[in-house]
Structure formats: C-alpha cells, structure tokens
Amino acid sequence: MQSLIDHARTFHKRVRGDREQAATLREGASPQAMFITCSDAQVIPSLITGARPGELFELRTAGNVIPPYRLGRLTAEAATIEYAVNILGVEDLIVCGHTHCGAVQGRVRSWTLRSAPTTRWWLLQTHRWREARVTGDEEPGRAHLIAQLDKLRRYPRVARRLAGGRLRLHGWFYEVHTGVVSNYQPETGAFTPL
Ligand SMILES: [Zn+2]
C-alpha cells in the first residue's frame, strides 16, 4: 500500500512534467468510447487501448456484469450507461471480458462464493447465462460476455441508437496471460483477433 500512497503523493509532479497530459486534464474529458469491464486488477483499459486521460469513460464491476434493464429500477450501472450515451454522447460501447475471471469462475462453481452471497446474487443477474453453452474446458468468460452484450442491447437508449446507426457495440475478450484481444462477431458467434 505504501508504494501506492507514495505514487499518489507525487503524481502532481508528473502531471506538471507532461504538458500534453496537463492540457488534456485542463480541457476536460471528451471520451472516444465507453469501456465496460471487470474490476479485476489485471485488466487495465488504458494499458490495453493506449488511451490517454479523458479518452475512455469506464464502468467496472465484478465480472463486468450489466444488470438487465428495468424501468424504474435504480442501479449504478444503468445510471452510468445512461450518462455515457445520453449526456456524453459516446458512439462506441466496448464490453471487455477476460480469461481467468474470478467472478465468472465463481458463477460457474457457485461453491467458491459461499462467503460472498451478495456477489453470488449479483452474478445471478446474468439471466441468460443458462442459455449460453459452456462445455468442458472451454473458457466460460466468452459466453458470459455475450450474455452481457445481449442485456446491454435491451437498454432503451442503447437500442434506439444502435438501430439508428449512431452507436456501435463491441464485445472484446482479453487474454490476460498473452495480451491478445479478440472481437466478438455476432453474425457468426466467433471471436476473431482485433
Ligand atoms: Zn474478472
């Protein structure tokens, strides 16, 4: 922890020394895309994409779970997605799953979450999970990601903008051990390299 504190304490000096970054921070954020991914410490959106400060609007949850949209139901995820689409006007939504996801593994083997009932119930919101076929040693994170994309498409404003061609939805899958990022192809169901 101490190294984190030390870095934060001297961060302002590095910002001052990086004129481009300082200018970006002064101008405020104008994100190119919304990046929805897992809270896992190994998944660093700015490292994967090379995004500079202000370029990505992030939403992170355990297992990159997006709750089903229900009118009148308040969730942090729905509010954050709404803000990105309605207020910031982002034109690209990226949902990024990853290999060896502890939350997804916990969903597959629910016994691993016995001491975390809130997390377990949260993950059960992947309501289409049971319809996603996962066999043998296949990485369950891909089927899990597809379920999240399906839910995101049902958010009313997202659905309208997708239909109007004003929004693009991307399903990425990040292999933590290799760094390879693949892209979901809804037409074929395949994941192909970016
Ligand atoms: Zn994860």
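Our subject in this report is the structure included herewith. Computed from a prediction, not measured in an experiment: that's the story for all the values here.

### Let's talk about the coordination of the zinc ion
Within the protein, the atoms that donate to the zinc ion are Cys38 (SG), His98 (NE2) and Cys101 (SG), at distances of 2.0 to 2.2 Å. Spacing between the donor residues of the zinc ion along their common chain follows C-x59-H-x2-C. Within this pair, whereas Cys38 is found in strand β1 (residues 33–38), its partner Cys101 is found in the loop between β3 (92–98) and α6 (102–108), the two being separated by 63 residues in sequence. With respect to class, Cys38 is no different from Cys101; both count as buried.

### With respect to the environment of Glu139
You can see Glu139 is positioned in the loop between α7 (117–123) and α8 (140–153). Residue classification places Glu139 among the buried positions, given a relative accessible area of 13%. In this structure, the C-alpha to C-alpha distance between Glu139 and Cys101, residues 38 residues apart in sequence, is 9.6 Å.

### Let's talk about the pairing of strand β4 (residues 168–174)
Bridge count for β3 against β4 is seven bridges, and the pairing is parallel. Pairing of Cys96 across the sheet is with Trp172, part of β4. Bridge count for β4 against strand β5 (residues 181–185) is three bridges, and the pairing is antiparallel. Counted as the bridge partner of Phe173 is Ser182 from β5. Between the antiparallel neighbours β4 and β5 lie six residues, among them Gly179 with a positive phi of about 85°.

### Looking at the packing of aromatic side chains
As enumerated under the stated definition, the model contains five aromatic pairs in all. Both rings, one in Phe173 and one in Phe191, keep their centres 6.2 Å apart while their planes meet at 65°; by these two values the pair is edge-to-face. Of this pair, Phe173 sits in strand β4 while Phe191 sits in strand β6 (residues 190–193); the two residues are 18 residues apart in sequence, bridging distant segments of the chain. Through a chain of ring-to-ring contacts, the aromatic side chains of Phe173, Tyr184 and Phe191 assemble into a single cluster. The cationic tip of Arg120 hangs over the ring face of Trp121; the distance from NZ or CZ to the ring centre is 5.9 Å. One cation-aromatic arrangement involves Arg142 over Phe191; the distance from NZ or CZ to the ring centre is 5.8 Å.

### Topic: the nonpolar core
Met34, Ile36, Ile81, Leu93, Leu152 and Val158 are the most contacted members of the largest nonpolar core, which has 19 residues in total. Every element with two or more residues in this core is listed here: β1, α5 (76–87), β3 and α8. Top contributing element to this core by residue count: α5, with four residues. Apart from the residues lying within four places of it in its own chain, the contact partners of Leu152 are Ile36, Ile66, Ile81, Leu93, Val95, Val158 and Leu169. In terms of nonpolar packing, the next biggest core, distinct from the first, is built from ten residues, Val43, Ala51, Ile94 and Val181 among them.

### Observations regarding the packing of α5 against helix α9 (residues 156–163)
Between α5 and α9, the least distance of the axes is 9 Å, while the angle of their chain directions is 35°. Where α5 crosses over α9, the handedness of that crossing is left-handed. On the side of α5, the interface is formed by Ile81, Val85 and Asn86, while α9 contributes Arg157, Val158 and Arg161. Class assignment of the residues belonging to the contact of α5 with α9 gives a composition of three nonpolar, one polar and two charged.

### Observations concerning the pairing of β6
The sheet contact formed by β5 and β6 spans four bridges and is antiparallel. Bridge pairing in β6 links Asn183 to Thr192. Hairpin connection of β5 to β6: four residues between the antiparallel strands, including Gly189 at a positive phi of 80°.

Conventions adopted
- All chains use their own residue numbering, which begins from 1 and follows the written sequence.
- Residue-level local features of this predicted model are given only where pLDDT is at least 70; pairs of side-chain atoms are given and counted only at 80 or more, and the full residue set underlies all totals for whole chains, interfaces and linings.
- The side-chain figures draw on all heavy atoms in the structure; neither hydrogens nor water molecules are used.
- Counted as donors are N, O and S atoms no farther than 2.8 Å from the metal, or 3.2 Å for Na, K and Ca; water is not among the atoms, and sites may therefore look incomplete.
- Counting from the N terminus, the helices are DSSP H or I runs at least four residues long and the strands are E runs at least two residues long.
- Three labels apply to residues, based on accessible area from a 1.4 Å probe with only protein chains included: buried if under 20% of the type maximum, exposed if over 50%, partly exposed otherwise in between.
- Pairing between strands is defined by DSSP: at least two bridges between them are needed.
- Stacked, edge-to-face and tilted are the three classes for Phe, Tyr and Trp ring pairs, Trp counted by its six-membered ring, which pair at centre distances within 6.5 Å; planes under 30 degrees apart are stacked, over 60 edge-to-face, the rest tilted.
- Each ring is checked for a lysine NZ or an arginine CZ that lies within 6 Å of its centre and within 35 degrees of its normal; such an atom marks a charge sitting over the ring.
- Definition used in this section: a nonpolar core is a set of buried Ala, Val, Leu, Ile, Met, Phe, Trp, Tyr and Cys residues joined via side-chain atoms within 4.5 Å.
- Contacts are assigned to residue pairs that have any heavy atoms within 4.5 Å of one another.
- For helices, the axis comes from a line fit to the C-alpha atoms of the stretch in contact; other axes are also lines fit to C-alpha atoms, and the angle between any two N-to-C directions lies between 0 and 180 degrees.
- Left-handed is the label given to a crossing in which the near helix is rotated counterclockwise from the far helix by less than a right angle, and right-handed is the label when the rotation is clockwise.
- Each residue gets one label: Ala, Val, Leu, Ile, Met, Phe, Trp, Tyr, Cys and Pro are nonpolar, Asp, Glu, Lys and Arg are charged, and the others, such as Gly, are polar.

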